[in-house]
Amino acid sequence: MRRVGIASLGAYVPPKILTNKDLEKMVDTSDEWITTRTGIKERRIADESQASSDLAYEASKIALAEAGIEPSDLDMIIVCGVTFDYPFPATACILQDRLGANKAGAMDIEAGCTGFIYALSVAYSYVACGFYDNVLVVGSDVLSKVTDWQDRSSCILFGDAAGAAVVTPYKGQGELLNFYLRSDGSRTDDLLIPAGGSRNPASHKTVEERLHYMKLNGPEVFRLAVRVIEDAVTAILNKAQLKKEDIAILIPHQANIRIIQTAARNLAIPQEKFFVNVDRYGNTSAASIPLAFYEALKEGRIKKGDYIILVGFGAGLTWGAFLIRW
Ligand code: COA
């Protein structure tokens, strides 16, 4: 097995900002309620013409430039998310064409908001085995397009973004050390889009019943999220035989500040070690972890040699963690 590293990261958020004050004009809510219950102050919203591959393209360009890699050097492109351009073909293929990555394979991975951890584990495995040298992993989601803007309990939570990473043989930075993945399919109904797939194909009835929008059992997902963050962080530490104190920074999926605070408290890890940007972007699904990772790096929160834990959870239920040494 070869050692594997993250050569670079990139991220993109659409320019349009939707604040809590804006939401007050759309549904029966308040800035105070949203801030105290979620920690979110604003989120980014893609314009009508922007699909997942458009956001992914912008984030990818940055990651490729920072890695000094040409699109034609890529062996594989993996896009993860829940709001792909089309049911098929893969958004990764659209991105491959847009980038001009003429020697790359391309596929999508769907693991809810945990997508980036799952996709990174696949990229890691390809490179570790020596099959590929340059793998582009992109988490991209345009949740605003599947958000029910009449449902105040969910529409306040989400935003649009993309984050990308270039995974290569280890060159002295961002070594991918270990990962942990889990799922619990009995929790499907807690977070899903009920229609538009083969279970409930699109029809006038499904559209009238608003079944193409995301449905969320908020309190239940909250409870599960806290539990699985604890599970994943504990498991990855045990696997690597590290102590909590060894970890410099945790980059959690950004869903709700109270989920992060509760998990930090239960794990007895200082909250300051958890990177947070949910206040500015809300929950951006599969983009959330790479976007936070990118910002943590740009803000100087990550130093050479630091142990980093990425930890995520999402629809499925899926959850997982990645241990990295920068
Ligand atoms: N503005 C004002 N009031 C609202 C509201 C809003 N936007 N949304 C819900 N409420 C009301 C509810 O109707 C309820 O009123 P009631 O007590 O009169 O019935 C009250 O606020 C409490 O609702 P509840 O759903 O119990 O609130 P909560 O503290 O659990 O917070 C979430 C709701 C959605 C913010 C929280 O459960 C959460 O973040 N869950 C996780 C969601 C998530 O992260 N999903 C994605 C995972 S990848």
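Whatever comes next refers back to the structure up there.
Owing to the predicted nature of the structure, the values given are computational and were not obtained by experimental measurement.

Visitor: Got a minute to help me understand helix α9 (residues 257-267) in this structure?
Guide: Think of an α-helix as 3.6 residues a turn; residues three or four steps apart then line up on the same face. Restricting attention to buried positions, one finds in α9 the residues I257, I259, I260, T262, A263, A264 and L267. Residues of α9 that are buried in the fold lie against α2 (31-38), α8 (218-240), β11 (247-252), α10 (278-281) and β12 (307-314). The opening residue of α9, the one whose side-chain oxygen lies 2.7 Å from the backbone nitrogen of R258, is N256. A268 sits one or two residues past α9 and shows a positive phi near 55°.

Visitor: Looking at this structure, how should I read the site of the ligand?
Guide: Within the structure, the ligand sits among 23 residues, and T29, R37, R152, G218 and N256 are positioned closest to it. A distance of 2.7 Å is found between a nitrogen atom of the ligand and a side-chain nitrogen or oxygen belonging to T29. Between an oxygen atom of the ligand and a main-chain N or O atom of P219, the distance comes to 3.4 Å. Contact with the protein chains covers 73% of the free accessible surface of the ligand, which is 970 Å². Here the shell around the ligand gets four residues from one element, more than from any other, and that element is α8. The residues that make up the shell around the ligand include at least three from each of domain 1 (4-173) and domain 2 (177-325).

Visitor: Whenever I open this one, the nonpolar core confuses me. Can you help?
Guide: The nonpolar side chains of soluble globular proteins are, as a tendency, buried together. With 43 residues, the main nonpolar core has V167, L176, I251, F293, I308, L310 and I324 as its most contacted residues. If you tally residues by element for this core, the top one is helix α5 (residues 115-129), at nine residues. Counting contributing residues per domain, this core is built from domain 1 (4-173) and domain 2 (177-325), each supplying no fewer than three. When sequence neighbours within four positions are dropped, the list of residues in contact with V167 reads V4, G5, L120, A123, Y124, V127, D133, N134, V135, V137 and L176. Counting 30 residues, the second-largest nonpolar core is a separate cluster that includes Y180, A232, I309 and V311.

Each value, and the rule that gives it
- Residues numbered from 1 in each chain as written.
- Predicted model: local features only at pLDDT ≥ 70, side-chain atom pairs only at ≥ 80, totals over all residues.
- Heavy atoms only, no water.
- Buried < 20%, exposed > 50% of the residue type's maximum accessible area, 1.4 Å probe, protein only.
- Helix = DSSP H or I, 4+ residues; strand = E, 2+ residues; numbered from the N terminus.
- Contact = heavy atoms within 4.5 Å.
- Polar contact = N/O pair within 3.5 Å; in protein donor to acceptor, adjacent residues only side chain to side chain.
- Near = heavy atom within 4 Å.
- Areas by Shrake-Rupley, 256 points an atom, 1.4 Å probe, with all protein chains shown as cover.
- Domains from an automatic or database assignment.
- Core = buried A, V, L, I, M, F, W, Y, C linked by side-chain atoms within 4.5 Å.

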